[in-house]
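Fold and contact review
Given next are the chains, with one letter for each unit.
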Amino acid sequence: MSAVSNSKPLWKSYEQTGDPDDMVLAPEVADQIGLKVDGSGGQIASLTGEGVPLLAAIVADAVTPLQYGAAGDGLADDTSALQAAFNSGRNIDLGGKTYLVSASLSLPAAGIHIMGRGATIKTTSATADILTIAQYGTNYVIEDLYLSASVNKTAGWGINARNIRRSIFRNVRVLGQDDYETGRRFYGGIFLNGADTCAVISCTFWGNSYAGLAVCNGSELKIIGGTRFVYNGIGVLCGGSFGGLYIDDTDLHNVCNVRFDTSLTGATNLQAFFGSKMTSDVSGSNGVYIASNSIGYLHAVGTWFASSGQDSLAVDGAQQAGLYVEPNNSTLNLELDGCFFFNNMGCGLFMEGGGTTKVCSTRFWLNGQYGGTANIPRHGFYITNTAGPIDVKACLFQQSAGYDCNVACIPPTLTVVSNTFDLKSGGQFSTSAPLSSMSASYIIRGNSNYATAGGSNNALATGSTTVTVYHGLVAIPQCIQLTPKGPIPVFVVEGSETAKSFQVGISEAQSAPVGFYWWASVGFGA
C-alpha cells in the first residue's frame, strides 16, 4: 500500500506471525494520527484529534485534503490543498469537513472514489465549476457530498464532466436553496457532456437557476434511488444526441421538470424511459416539455404527471400541461402505459405535433379545472397535429374542463376503443377525423358514455306506416341494419337520420303491429 503522508511507509509486515497478510501501522504514522496503543497487547487504547478521518482514509487506501494543508473549517481557502489531493490520483476521503474554494478543481481522467462522508465544498466564485472531471473520466464514484456557494452563481456547474464513462454519483447534493424563490443561488448541478453507462442515485438538486442535471452526447444514464429535483429552472435537461435516459424513483418539482430539446448539440435525442416511481408533480410551466424534433421515442410506464402551473414559479403564457409536445415532431413515437395525468392547469397531455401516439390504460382526472393562465386549452388529452396513427385504449377520463379526449386533426389512422368517458365533463370525445368515410382507418367503439354503436327492438303501431327510433348515439349513424320479426319488410326512411333518431317505415299500414330489430353505428368498426 502506498504512503499517505510524505514518503514514510504506512505499513509494516507483522513478522511475529510469519504471515505476510498481517499488517500493522508504522509507529511514526500512528504517532502522526494520534493513535495510542496498549503496550502489552498492541490493542488500540485511544484515537485522538484528526485520527478518526485519517485512519478511515488509510483503511480505504485514500488521502484526505487535511494531509495537504486544508483547514476544512469553511473559512480558510482550501483550493490549493484540495487540488493537491486530487492530483495524487488516489481515492479522496473528505471526512465530513467543510472546504471553501475560490476556483474550479480539476479531477484526473482515471476514476477515483471521492468519499464525502457528509462533507461540503463551497465555492466563492460566481462563474466557475466546482469539480471538473477530465475528458474520458472512467469508473468514478462520488458520494455523500454537498456542493454549495457563498455567492449568487450566474454560471458554472457543481460537477462538469465530458465523456464520462461507467461512473456513479450517489447522495450528491447541489443545493442553492438559501433564496431559491427570489434568486436561486446556484446555476447548474451536474453537466454530463457525453456520458456512457452512468447512474445518479439518491441525489438532490435544489435551487439551480438553469438546470439540476443536463446531459447530451452519449447513451445510458439512470436517474434513480429517490433522487429529487426541486425549484430548479429545469429539473432534467436532455439537450441532444443522447439515448437511453431512464428516470425512475425520482421526484421533480421545478419550473419545468424534464425538457427534451437540441440546445446543447443541435441534434435529436434518441430515446427515453420513465418508470412507475417517477413523479412529475408540480411545475411552473409544463411537467415534461418536448421541443420540436428533439426525441425519437419516449415510453412512460405508470408515471405521474400532475399539477403543472400550480406553483409560485408558475409561468404565464406557458401551456401548463402535464406533458407538452411542440409542433414539428413527426418522428416522435410516444407510448404511455398506465400513467396518471392529474390536476394540471392546462391539459393533461397536449400535443401540437407527433408521430405515432399510443395511450393505454392511462387515467386523466381534473385537468384544466382550476386556475392557470387564461386562454390555454383545458382538455384531458388534446392533439392538434400528427403525422402518424393515434391509438387510445382502456383509458379513464374524469372531470376535464374541456373535452376528455379531443383529436383536433385528421391522423392516418385513429383507434379509440374501450375507454370510459365522463358525462360531467365539458365533453366526452371530439375528432376532426372523417368518421362518415366508413373507413377501416377510424375505429371508435366500446367506449362508456360515448356510444358509437347500439341496437334494440321496436315496432310500428297498428295502422301506422312509420315509427321514430331514438338511437342514443353520439352522432348521425352511418350504418343502420334492420331485421323484421315477421314477413313484412321494413326500411329506413330516406333522409330521416339525425344525431338523435331515424325513422323506419313499411309500404302499407297493417292491421297488427310490425316488429323489427335494429342496429346502428357511427363509422366503420363501431
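For the structure itself, look to the data block above.
Residues numbered from 1 in each chain as written. Predicted model: local features only at pLDDT ≥ 70, side-chain atom pairs only at ≥ 80, totals over all residues. Heavy atoms only, no water.

**Here's the deal with the overall build of the protein**
Looking only at helices and strands, one finds four helices and 46 strands in the protein. Here the protein, with 526 residues, has 50% of them falling under the buried criterion. Summarising the internal contacts of the protein: among those between residues at least 6 apart in sequence, 67% fall at separations of at least 24. Accessible area of the protein: about 20,800 Å², with a carbon and sulfur share of 49%. (Helix = DSSP H or I, 4+ residues; strand = E, 2+ residues; numbered from the N terminus. Buried < 20%, exposed > 50% of the residue type's maximum accessible area, 1.4 Å probe, protein only. Contact = heavy atoms within 4.5 Å. Areas by Shrake-Rupley, 256 points an atom, 1.4 Å probe, with all protein chains shown as cover.)

**Examining the side chain of N344**
In this structure, N344 sits in the loop between β30 (340-342) and β31 (349-351). Reaching out from N344, the side chain makes a polar contact with the backbone nitrogen of S308 at a distance of 3.0 Å. A polar side-chain atom of N344 sits 3.5 Å from the main-chain amide nitrogen of G322. In contact with N344, other than residues within four places in its own chain, are F305, A306, S307, S308, Q320, A321, G322, L366, N367 and G368. (Polar contact = N/O pair within 3.5 Å; in protein donor to acceptor, adjacent residues only side chain to side chain.)

**Description of the side chain of S307**
Residue position: S307 is located in strand β27 (residues 304-308). Among residues more than four places away in sequence, those in contact with S307 are D281, V282, S283, F342, N343 and N344.

**Here's the deal with the pattern of salt bridges**
Within this structure, the stated rule accounts for five salt bridges. The shortest N-O distance in the salt bridge between R170 and E143 comes to 2.9 Å. Of this pair, R170 sits in strand β14 (residues 168-175) while E143 sits in strand β12 (residues 141-149), and the two are 27 residues apart along the sequence. Of the charged contacts in the structure, one is a salt bridge between K358 and E335, with a shortest N-O distance of 3.6 Å. Of this pair, K358 sits in strand β32 (residues 356-360) while E335 sits in strand β29 (residues 333-337), placing them 23 residues apart in sequence. Taking the relative accessible area as the measure of exposure, K358 reaches 33% and is therefore partly exposed. (Salt bridge = Lys/Arg side-chain N within 4 Å of Asp/Glu carboxyl O.)

**Quick notes on the sheet that holds strand β45 (residues 501-505)**
Read from one edge to the other, the open sheet built from three strands follows the order β42-β45-β44, with strand pairing classed as antiparallel. Looking at which strands have only one partner, the edges of the open sheet turn out to be β42 (466-470) and β44 (491-492). Across two bridges, β44 lies against β45 in antiparallel orientation. In the strand pairing of β45, F491 is matched with G505. (Pairing = 2+ DSSP bridges.)

**A few points about the nonpolar core**
Membership of the largest hydrophobic core comes to 88 residues, with the highest contact counts inside it found for F260, L323 and F381. Look past the residues within four positions of F260 in its chain and what remains in contact with it is C238, L245, N269, A272, F274, V288, Y289, I290, A291, S294, I295 and L298. In this structure, F502, V504, F516 and W518 belong to the second largest nonpolar core, which totals 13 residues. (Core = buried A, V, L, I, M, F, W, Y, C linked by side-chain atoms within 4.5 Å.)

**Focus on helix α3 (residues 79-87)**
For α3, the full list of buried residues reads T79, A81, L82, Q83, A85 and F86. Positive phi appears at G89, one or two residues downstream of α3, with a value of about 75 degrees.

**Focus: the sheet that holds strand β41 (residues 453-460)**
Spatially, three strands are ordered β41-β46-β43 in an open sheet, and the strand pairing comes out antiparallel. Pairing within the sheet leaves two strands with one partner each, and these edge strands are β41 and β43 (479-484). Within the sheet, the average angular offset between the axes of one strand and its neighbour, ignoring direction, is 20 degrees. Where β43 and strand β46 (residues 514-521) come together, six bridges link them in antiparallel fashion. What sits directly across from T483, in β46, is Y517. (Axes fitted to C-alpha atoms, helices over the stretch in contact; angles between N-to-C directions.)

**A word on unusual backbone geometry**
Of note in this structure, S307 is not a glycine but carries a positive phi near 60 degrees. For S307, a relative accessible area of 8% translates into the label buried. One non-glycine residue, Q320, lies in positive phi territory at about 55 degrees. With respect to the helices and strands, the residue Q320 is situated in the loop between β27 and β28 (323-325).

**Let's talk about the packing of aromatic side chains**
Per the stated rule, a full pass over the model turns up 24 aromatic pairs. Measuring from centroid to centroid gives 5.2 Å for F350 and Y382, while their planes differ by 20 degrees, and the two rings are stacked. Taken as a pair, F350 in strand β31 and Y382 in strand β34 (residues 381-383) lie far apart in primary sequence, 32 residues in all. Summarising the aromatic geometry, the rings of F364 and F381 are spaced 6.4 Å apart at their centres and angled 15 degrees between planes, so their arrangement reads as stacked. Placement of the pair is F364 in strand β33 (residues 363-365) and F381 in strand β34, with a sequence separation of 17 residues. Exposure remark for F381: the relative accessible area of 0% places this residue in the buried category. Ring-pair connections join several aromatic residues into one group, and the members of that group are F305, F341, F364, F381, F397, F421, F429 and Y450. Lying over the aromatic face of F186, K153 brings its terminal NZ or CZ to 5.9 Å of the ring centre. One cation-aromatic arrangement involves K485 over Y517; the distance from NZ or CZ to the ring centre is 5.0 Å. (Phe/Tyr/Trp six-rings, centres within 6.5 Å; stacked < 30°, edge-to-face > 60°. Lys NZ or Arg CZ within 6 Å of the ring centre and 35° of its normal.)

**So, the environment of S308**
Structurally, S308 is set in strand β27. Judged by its relative accessible area of 1%, S308 falls in the buried class. In the structure, S308 is positioned 25 residues away from S283 in sequence and 4.6 Å away in space, judged by C-alpha atoms. Once residues lying within four places of it in the same chain are set aside, the contact partners of S308 are S283, S285, N286, G287, Q320, A321, G322, N343, N344 and M345.

**Brief notes about the pairing of strand β37 (residues 403-407)**
The buried fraction of β37 amounts to four of the five residues, a majority that puts the element mostly inside the structure. Relative to β37, β34 runs parallel, the two being bridged by three bridges. Within β37, the position partnered with I383 by the bridge is V407. Examined bridge by bridge, β37 and strand β39 (residues 427-431) share four bridges and lie parallel to one another. Residue pairing in the sheet places V407 in a bridge with T431 of β39.

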